[in-house]
Structure formats: C-alpha cells, structure tokens
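Close look at the chain arrangement
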Amino acid sequence: MPEIAENTTDVQESHGLQPQEAGGRESHGLQQQWASRGSTVGSIVAGAALAVYGISRKSLGGTALAAVGSILAIRGVRRATAPNPVHIERSFTINRPLEEVFSFFRNFENLPKFMQHLKEVHITGDRTSHWVAFAPLGVELEWDAEILEEEQNRFLIWQSLPGALIPNRGSVQFRAASEYHGGTEITAVLDYAPPAGKGGVLFARAFGREPGMQIREDLRHLKQLLEAGEIPTTHGQSHGRRTAFVRMMKAVAESTKHKGEATESGNEQPWAVGS
Amino acid sequence: MKAVCWFGKRDMRVEHVPDPRILNPRDCIVRITRSAICGSDLHLYNGYIPTMEQGDIVGHEFMGEVVEVGSEVKKLTVGDHVVVPFTICCGRCFFCKQGMWSACDNTNPNAWMVEAQYGTSAAALFGYSHLYGGYAGGQAQYARVPFADVGPIKVPQGIDDEKVLFLSDIFPTGYQAAEQCDIKRGQVVAVWGCGPVGQFAIRSAQMLGAERVIGIDRFPERLQLAEKSGAEVVNYDQTEDLIETLKAMTGGRGPDACIDAVGLEAHGHSVDYYLDSAKQKVHLQLERANVLRQAIHACRKGGTVSVPGVYAGSIDNFPFGAAFGKGLTIRGGQTHMIRYMQPLLERVQNGDIDPSFLITHRVALEDVPEMYKTFVNKDDHCVKVVIDPWAQKAA
C-alpha cells in the first residue's frame, strides 16, 4: 500500500500534483507564475496605489476611486495566491457488507450520488474515468482520472491525469468491521491541490468556503446513502420569516450556488450542509 | 399553514408559512390533529439552546393523519392515524438496529456541528434547533415526517387523541427514566420534578415494581397530581434540608434510585443554585445543575441516578467524588422512543393508565405564544398544554 503524504505542503511535490494554469500550461512554482502574470502584480500595485490615492482625496470621488482600487488589488491578490491544498482523512463504519460498499464505491459513476460537488462521472476505460464538477455561472470543471492501484474489497487509489485544472487524488481502504459492529470500516484520504489563478477561484466556488468540510461531509453522505437509503436534508422545508440579515446571506449564497445543491428560493436553510 | 415560530428569547409567534412538502422519498406529510408544549420547549423559549434561527418552527410532540407519502414509504398509507416520535431515526444504522434509537447515525444533516461539541452526533429531533438537525417542528397544522416507516405508530380507531398524544415524547421518556433505574421489588424511587415527565416517571416506576415513589416539587397542583398517582410528596420549599428529609423517609439510607426529571433549568434554594445562576448570567455556564447534584448526594450507595432531564453543555462542580465514592450508576439520554411506543400504547389500550390526566389547558394555535408564558411561570395551575391546530382562538 503506497505511502500517503501526511504533510499537506508535501502533497503537491510528492505525488506529482502540480497546480496548472488554465489552458494547460505547466507551472514550475509560484515565482514563475508571478513573472509570467504581470497583470496580477500590476493589479495589486496599481490597485493599492489607487486605493491610497482615493482615500487621501477625502471626497466622494475619492471614495469611489478607493473602492475601485481596493477591488483591483484584492482580485490581484486572489489570482496570485493559490487556495490552500485540501487534505481530508476520515474513517467511517458503514453498516453494509464489505462487498456491497466496495463495489458501490468502485463504480465511480455512483460518486455524484453522495459527492455534492460532482455533476457526473463517466467510466471511459478499464481504469480511466471522466469527472465533471459543478461550479457556478454555468462553468463546469472537468478532468480525467485513472485508478493507480486497487485490490478488490481492500483498497482503491485514483489520481487525476496531468492536465487537470485542479489536481486531485483519492485513496480509500476497506475493512470488514468486527461481527459485533457489523459492516465495513472505510478510511478515505482525499487530496486536492487547487492552483493559483482562475482554477483556484473555480475550486473555491465549487467547494464553498470550507472545501475540507464539504468533502468530509460527502463521505458522511456515503454512509447515510448506503445505510438509510437517502441523505437527510432540510433544504426546502417550511419555516417562518427569516431576519433581514439571513435573507441577505441567502441571496449571496444563491448567487454563488452551483447546480449541485437543491435550493428553494426563500426556503434555504443557512445551517444545512453545503450552504 | 399556520405554525408557531421562534423569534428570540421569550418571543414565539404564530406565522403563516408554506405547507410542508415531501423532500425525500421516505418522507410523509401529517395533518396534525393534536400537539403539545414540552417542558424542554421552555429551554428554547428562555433562550438557553444555541443555534436557533428566527423563523424556526418549534414543537416536537404531535400526532395526526397521514395526507401524503413519499415514493419509498411502504408501511404507512394516506389516511393512517399516527403518533409521531420526537426523535427521527433511520432504522438501519448500528444504533437503530441495537435498539439505541435516539443514537441514530444518519438523520442529522448538521452532524458536523455536534461533532465539535460531543464527538459524534445522535439522532435529529423535531423543532429543537439546528444542532439537532433544524427540522421544522409540530406546533403547526402540518408537518413533514422523515423516515415515515420507522418512527410513527398507527393508532387504532376509536381511541381519543388525548389518550395517545403523549406517546410522542413524555410518556416513553418518563418510562425510560424509570426503566433505567433497574427497579427491584421493595425499592424506593425519588423523582425530582413533578411536571409531565416526572408524573410519567412516577407512574412508570410503580408499573415497574417500586414499592414507594417520592415526588419532589414546589407547586401544589403538581404535588397533588403526584399524590393522586399514589406517590408520597415532598415540597422542597417547605423543607429545611431535602437530603435529610429523604434519609428520614428511607430509614437513613437514601432512595434506591433518583430520577432527575428537571434538567438544566433547575430551581432551588441551595448555594449551588445561586452560583449556577450567577454563572449563567455571565455566560460561563449554560445550565443550573443543583437538582443533579442533589440527586447524587441523596442517592443510596450503589444506587442509580437516572436523568431524563435535558442537559446540553458542561456543568461545573459535578460531584464526581460522591458518585464514585458511593459507587453510583448514572444513566440518561434522549429517549429510545421506538422501543417503548407500542408497548405503552398497549398499556393505554388495556386501561392501565390514562395519560390525559395531565392536561390542564387545551388551546388553539394562536394561544400558544401566550401559553408559553403561562407554562414557564406555572400560572393558572398549568401542568400540560395541548394544542388543537385547527381550533379557533378562544374569544
């Protein structure tokens, strides 16, 4: 069983997960990105300068300039820095037989049934598959993956192929639980290495503000789906008037929401998983 | 439909809200015929339970008629008259299969919230904050009931709703509390709190073979109800030293089992009551635990302290030394409803008990916000409020 990196900062190097820029150009580190993306540096410098100038004007026009400058600077910073790599390790016991759990997971076309960020997965070959994730504004993230290693009813390791905008890798171990507990123990390790630039922004939009949490909850959904037959939800349930603040937050969430989450405008639960 | 919604501390309002819909294939929709206010709803009312959201529909004791079923519902059909348990259980996880229904793994969509506090999440509840799943509750005209084949029990025709409504929470809760005492013939059980759960705990302790049951409270109507059930009563407002009184009543030993049917909003005159109250006011502690401490102090060596009363946080000054030194068993937890509903329904049908003896107020939905106030203050000899969501408001 190949070693899986514990240290999130090693993830990118040790498993060949190199963040890549949109368009498929390979990057060789953050410095080169800075050099080759002059507009990013320009945004930050010019934006900051404009913001300072605008504030110093102490007028309405100055405020407007400051706002524009700030936005430019922030966008520049966001483009320049990659979101943190995501590393999830989680164990669950699923009260279903080992063979059933393994074969359900092994058929990657089942993954969208419990992984909220995935729209669909197509098996394209013996070991290859094509994945499509949701992102807002109609943009879709797609990549190909291949199974690196597997042993039936024991473990499964897959990785996105080179060219993936957001390199990712997953590894799941399966064990029969004791007779008392029944079912299957699974340990899943999932890694995502979002790049700087557009890919990173799309990653953040697809996975939400806390991507690690979203992915962890997806694993919980697997247990719920296999045991209870459905994923519990309160999305769309009845409730009284929400506060103006909550309604505003919901409106913001709606605008960044992707198609993977069932929403009912006016009935969104801000506490529910995935929002 | 109309529903009672939480809007803040001491602010319940009746609102017009959308009718519930089937959201998952194992859901059903129930047209509610009777509902009730629970003592634990008062913790929501008084603002003690975190993660409440303005507009949340409250209420978890309800029953009614099935009006719609999801595509995967096999046992219930439209028209069935059912009582709905307040816990939501999937029926297929390890815990449900072992009969530990209230520990269900799979019904709380907000399980991650609970994991930070408790390690793992237990079953979701109706109408009891987002920590417990955020499900809309049953102080309303309709409710969406998830996992409809697992929880609700069918009620035969001809039985009055008021006789079976309390199978939704308080009767099984009092019964589990008594059962957890492991009562042997000849034993003495003391019950702190003669509210609805305490009343059922008293009756259940008798059903389970206790020779004597002692009810402790300060409200005359509650003590009277306990006496009518055959309990001996102690009014702690008129007792100099409750622990000594209990010892005197039990040959110096203390009760063999002690039931805390009060929970986190305990009242009293002891030093720790005042300390806990002070801590609550500055948010250093969520709860007042003076009853729990008393129960531990009073309990006979090797006895059991059984806790149906709701606790949610971490109390200070827990007398673990006393509990350890006397070799006590402390048990508690949310009720494993599905274990008890059918057997207790049979007891009602046999005439062993008529649970409606508790009801002091029967109101319409519009009266409910005012009734929360009445209930919390124990005004008007209030013991239990039952709601007819389709009745007109009293003139």
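Numbering of residues starts from 1 in every chain and runs along the sequence as written. Labels follow written order: the first chain is A, the first ligand is 1, and so on. Since the coordinates come from a predicted model, pLDDT governs what is reported: local features require at least 70, and pairs of side-chain atoms require 80 or more to be given and counted, while whole-chain, interface and lining totals use all residues.

A few points about the overall build of chain A
In terms of regular secondary structure, chain A is built from eight helices and seven strands. Once C-beta atoms are placed from the backbone, each residue is buried if 20 or more other C-beta atoms lie within 10 Å of its own, exposed if 12 or fewer, and partly exposed for counts between those two. Here chain A, with 275 residues, has 37% of them falling under the buried criterion. Secondary structure elements follow DSSP: runs of H or I no shorter than four residues count as helices, runs of E no shorter than two count as strands, and numbering proceeds from the N terminus.

Notes on the pairing of strand β5 (residues 155-160) of chain A
All names here are of chain A. A strand pair is defined by DSSP finding two or more bridges across the two strands. Note: strand β4 (residues 140-151) against β5, six bridges, orientation antiparallel. For Glu-146, the partnering residue across the bridge sits in β5 and is Gln-159. Counted along the chain from β4 to the antiparallel partner β5, the turn is three residues long, and its residue Asn-153 has a positive phi close to 60 degrees. Summarising the sheet, β5 and strand β6 (residues 168-176) pair through five bridges and their orientation is antiparallel. Residue pairing in the sheet places Leu-156 in a bridge with Val-172 of β6.

Notes on the sheet that holds β4 of chain A
Strand pairing in a sheet is mediated by backbone hydrogen bonds. Such pairs are either parallel or antiparallel. Residue and element names in this part refer to chain A. Spatial strand order, β1-β7-β6-β5-β4-β3-β2: seven strands in an open sheet with antiparallel pairing. Looking at strand neighbours, the two that pair on one side only are β1 (86-94) and β2 (118-123), the edges of this open sheet. Taking each pair of neighbouring strands and ignoring which way they run, the sheet shows an average axis angle of 20 degrees. Pairing analysis gives five bridges linking β2 to strand β3 (residues 128-134), with the strands arranged antiparallel. Along β3, the bridge assignment pairs Leu-118 with Ala-133. Axes, fitted as lines to C-alpha atoms, cover a helix only where it is in contact. Angles between the N-to-C directions of the axes lie from 0 to 180 degrees.

Re the interface of chain B and chain A
Taken together, the 39 residues of chain B in the interface contact 30 residues of chain A. Contributions of two or more residues to the side of chain B that touches chain A are made by β1 (2-6), β4 (56-57) and α3 (111-118) of chain B. Charged residues are taken to be Asp, Glu, Lys and Arg, nonpolar residues to be Ala, Val, Leu, Ile, Met, Phe, Trp, Tyr, Cys and Pro, and polar residues to be all remaining types, Gly included. Class assignment for the residues of the side of chain B that touches chain A results in 18 nonpolar, eleven polar and ten charged. By the convention adopted here, residues make contact when the C-beta atoms placed from their backbones lie within 7 Å.

So, the sheet that holds strand β16 (residues 329-332) of chain B
Residue and element names in this part refer to chain B. Spatially, β13-β12-β11-β14-β15-β16 is the arrangement adopted by the six strands of the open sheet, whose pairing is parallel. Because the sheet does not close on itself, it has two edges, and the strands there are β13 (232-235) and β16. Ignoring which end each strand starts from, the neighbouring axes of this sheet average 20 degrees apart. Sheet topology places strand β14 (residues 257-260) next to strand β15 (residues 304-307); three bridges connect them, and they run parallel. Note on β15: the bridge partner recorded for Ala-257 is Thr-304. Each of β11 (188-192), β12 (212-217) and β14 is contacted by helix α6 (residues 196-207), which is oriented at about 170 degrees to β12, the strand it contacts most.

Quick word on the packing of helix α8 (residues 242-249) of chain B against helix α10 (residues 290-298) of chain B
Residue and element names in this part refer to chain B. Taken N-terminus to C-terminus, the directions of α8 and α10 make an angle of 35 degrees; their axes are 10 Å apart at the nearest point. In the packing of α8 onto α10, the handedness of the crossing is right-handed. In this structure, α8 contributes Leu-242, Ile-243 and Leu-246 to the contact, and α10 contributes Gln-294, His-297 and Ala-298. Tallied by class, residues from the contact of α8 with α10 come to four nonpolar, two polar and no charged. Less than a right angle of anticlockwise turn of the near helix away from the far helix marks a crossing as left-handed, whereas a clockwise turn marks it as right-handed.

Some thoughts on α6 of chain B
All names here are of chain B. The end-to-end C-alpha separation of α6 is 17 Å, in line with the 16 Å expected for twelve residues at 1.5 Å each. With respect to burial, α6 is a largely interior element, ten of its twelve residues being buried. Pro-196, Val-197, Gly-198, Gln-199, Phe-200, Ala-201, Ile-202, Arg-203, Ser-204 and Ala-205 are the residues of α6 that are buried. Turning to α6, the residues buried within the fold contact α5 (170-179), β11, β12, α7 (220-228) and β14. Taken from the residues just after α6, Gly-209 is the one with a positive phi, measuring 105 degrees. Here, expected helix span is obtained from the residue count minus one, scaled by 1.5 Å.

Some remarks on the domain arrangement of chain B
Note on interface size: it is often stated as the accessible area lost on association of the parts. All names here are of chain B. Domain segmentation is taken from an automatic or database assignment of domains. Looking at chain B, the domain boundaries give domain 1 (2-169 + 335-388) and domain 2 (174-332). The C-alpha-based centres of domain 1 and domain 2 are spaced at 26 Å. Between domain 1 and domain 2, the contact holds 17 residues from the first and 16 residues from the second. Elements supplying a minimum of two residues to the side of domain 1 that touches domain 2: α1 (41-45) and α12 (337-350). Split by residue class, the side of domain 1 that touches domain 2 holds eight nonpolar, seven polar and two charged.

A closer look at the confidence of the model for chain A
As a per-residue quantity, pLDDT reports the predictor's confidence and falls between 0 and 100. Taken as a whole, chain A shows an average pLDDT of 77; of its residues, 75% reach a score of 70 or greater. Under a pLDDT of 50 for its full length, residues 1-36 of chain A has, in the predicted model, 55 contacts with residues more than four places off or in other chains.

Concerning the packing of α5 of chain B against α12 of chain B
Residue and element names in this part refer to chain B. The interhelical angle for the contact between α5 and α12, taken along N-to-C directions, is 105 degrees, at an axis separation of 9 Å. In this view, α5 runs roughly perpendicular relative to α12, as classed from their interaxial angle. The residues of α12 that touch α5, namely those facing Phe-171, Pro-172, Tyr-175 and Gln-176, are Met-337, Tyr-340, Met-341 and Leu-344. Here the residues of the contact of α5 with α12 are counted per class, giving seven nonpolar, one polar and no charged. Should an angle lie under 35 degrees it is considered roughly parallel, over 145 roughly antiparallel, and from 65 to 115 roughly perpendicular; all remaining angles are considered oblique.

Things to note about α7 of chain B
Residues and elements named next belong to chain B. By the burial criterion, the buried members of α7 are Arg-222, Leu-225 and Ala-226. Each buried residue of α7 lies within a common arc of 100 degrees when the element is viewed along its axis, so the set occupies one face. Exposed residues on α7 whose side chains face more than 90 degrees from its buried face are Pro-220 and Lys-228. Buried residues in α7 make contact with α6, β12 and β13. One or two residues past the end of α7 sits Gly-230, with phi positive at roughly 100 degrees. Taken from the helix axis, the directions to the C-beta atoms give the arc we talk about.

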